Structure formats: structure tokens, C-alpha cells
Amino acid sequence: PDTYRVLTRAVIAQLISTAAAKSISGRLIAAVNGKLTPRNVLKLTDDELRACGIARGKAKAVRGIAEAFVNDRRFAQKLAAADDATARELLVALYG
């Protein structure tokens, strides 16, 4: 699976209904012209993320995930290869 998409959608889905999460994810994907990549998400302004329905705290988390992938090209590989404890360390270091 696309680790970046999974993590981004997990943040969006926190504490809201499945239907709301799908709607917000759909708006985010539309905002990046169907290409949900870390670089495309980082190009969005806070207002654009809010227009998708992403609250300020979640926007910070979504940006943090995107930055982790942009700053470390092997982040997904590290996460996939990690044992539970290491995966937890990698994820806990991110906001949200």
C-alpha cells in the first residue's frame, strides 16, 4: 500500500465518521488534482487545507507527514521494515 496515503487518511479519519473522512479525503485529492503526494500537499496553503475540511491541528499533522516523506526519501521503506517498537518511534516523532 501507499504508506503516505494511508498515514494521511488515518490522520484525517481521527475522531470523525467514516463518511466525513471519505468526503474530506476526496476534497484533498481534488485539491491536488488527483495526485496525493507529499510535495503536492506541501504546496497547499492552510486556507486550502481548511477548505478541504481539514482542521488546523490535523493540517499540521498532514504537513508533518508530508515533510517526513520529503525530507527522508526512505521513510516509507524504514517504516515498512521496522519492527513494532521502531515503527512506533518513527510515527510518534511526527505531530499528531
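It should be noted that the structure appears before, not after, this text.
Read on for a plain summary of the structure. Each chain carries its own residue numbering, running from 1 in the direction its sequence is written. It should be noted that, the model being predicted, local features are given only for residues of pLDDT at least 70 and side-chain atom pairs only at 80 or more, the latter also being counted only at that level, while totals for whole chains, interfaces and linings use all residues. Calculated side-chain values reflect all of the structure's heavy atoms, with hydrogen atoms and water omitted.

**Considering the packing of helix α1 (residues 3–13) against helix α5 (residues 56–71)**
Interaxial angle, 0 to 180 degrees, is taken between N-to-C directions of lines fitted to C-alpha atoms, where a helix line uses only the stretch in contact. Only runs of H or I of at least four residues qualify as helices and only runs of E of at least two qualify as strands under DSSP, and these elements are numbered from the N terminus. Two numbers describe how α1 lies on α5: the axes approach to 9 Å, and their chain directions differ by 165°. Here α5 runs roughly antiparallel to α1, going by the angle between their axes. Our pair here, α1 against α5, has a crossing hand that is right-handed. Residues Thr3, Tyr4, Leu7, Thr8, Val11, Ile12 and Ala13 of α1 touch α5, and the partners they reach there are Lys58, Ala61, Val62, Ile65, Ala66 and Phe69. For this classification, Asp, Glu, Lys and Arg are treated as charged, while Ala, Val, Leu, Ile, Met, Phe, Trp, Tyr, Cys and Pro are nonpolar and the rest, including Gly, are polar. Per-class residue counts for the contact of α1 with α5 are ten nonpolar, two polar and one charged. The scheme is simple: roughly parallel for angles under 35 degrees, roughly antiparallel for over 145, roughly perpendicular for 65 to 115, oblique for anything else. Left-handed describes a crossing whose near helix is turned anticlockwise from the far helix by less than a right angle; the clockwise case is right-handed. By definition, residues are in contact when any of their heavy atoms lie within 4.5 Å.

**Observations regarding the environment of Cys52**
Considering the arrangement of structural elements, one finds Cys52 in the loop between α4 (46–51) and α5. The contact partners of Cys52, leaving out residues within four places of it in the chain, are Ile24, Arg27, Leu28 and Ala31.

**Looking at the pattern of salt bridges**
Once the charged atoms of two side chains with opposite charge are near each other, the side chains can pair. Salt bridges are identified by distance alone: a Lys or Arg side-chain nitrogen within 4 Å of an Asp or Glu carboxyl oxygen. Applying the stated criterion across every chain, the model contains four salt bridges. Residues Arg5 and Asp2 are paired through a salt bridge, measuring 3.6 Å at the closest nitrogen-oxygen approach. A simple rule labels every residue: compare its accessible area, found with a 1.4 Å probe on the protein chains alone, to the largest value its type can have, and call it buried under 20%, exposed over 50%, or partly exposed in between. Overall, Arg5 belongs to the partly exposed group, its relative accessible area being 25%. Given a relative accessible area of 38%, Asp2 falls into the partly exposed group. In this structure, Asp47 engages Arg50 in a salt bridge whose closest nitrogen and oxygen atoms are separated by 2.7 Å. Of this pair, Asp47 and Arg50 both sit in helix α4, three residues apart, roughly one helical turn. Classification of Arg50 by relative accessible area gives partly exposed; the value is 36%.

**Digging into the nonpolar core**
Side-chain atoms within 4.5 Å are what join buried Ala, Val, Leu, Ile, Met, Phe, Trp, Tyr and Cys residues into a set we call a nonpolar core. Counting 26 residues, the largest nonpolar core has Tyr4, Leu28, Leu36, Val41, Ile54, Ile65 and Phe75 as the members making the most contacts within it. Secondary structure elements with two or more residues in this core: α1, α2 (18–31), α5 and α6 (75–81). Among residues more than four places away in sequence, those in contact with Ile54 are Ile12, Ile24, Leu28, Leu49 and Ala59.

**A look at the packing of aromatic side chains**
Only rings of Phe, Tyr and Trp enter the pairing, Trp through its six-membered ring, and a pair is recorded when the two centres are within 6.5 Å. The plane angle decides the type: under 30 degrees is stacked, over 60 is edge-to-face, the rest tilted. Evaluation of the coordinates by the stated rule reveals two aromatic pairs. Ring centres 5.4 Å apart and planes at 75° place the aromatic pair Tyr4 and Phe69 in the edge-to-face group. Taken together, the residues span a long stretch of sequence, with Tyr4 in helix α1 and Phe69 in helix α5 at a distance of 65 residues. The class for Tyr4 is buried, based on a relative accessible area of 3%. In this structure Phe69 comes out as buried when scored by relative accessible area, which is 13%.

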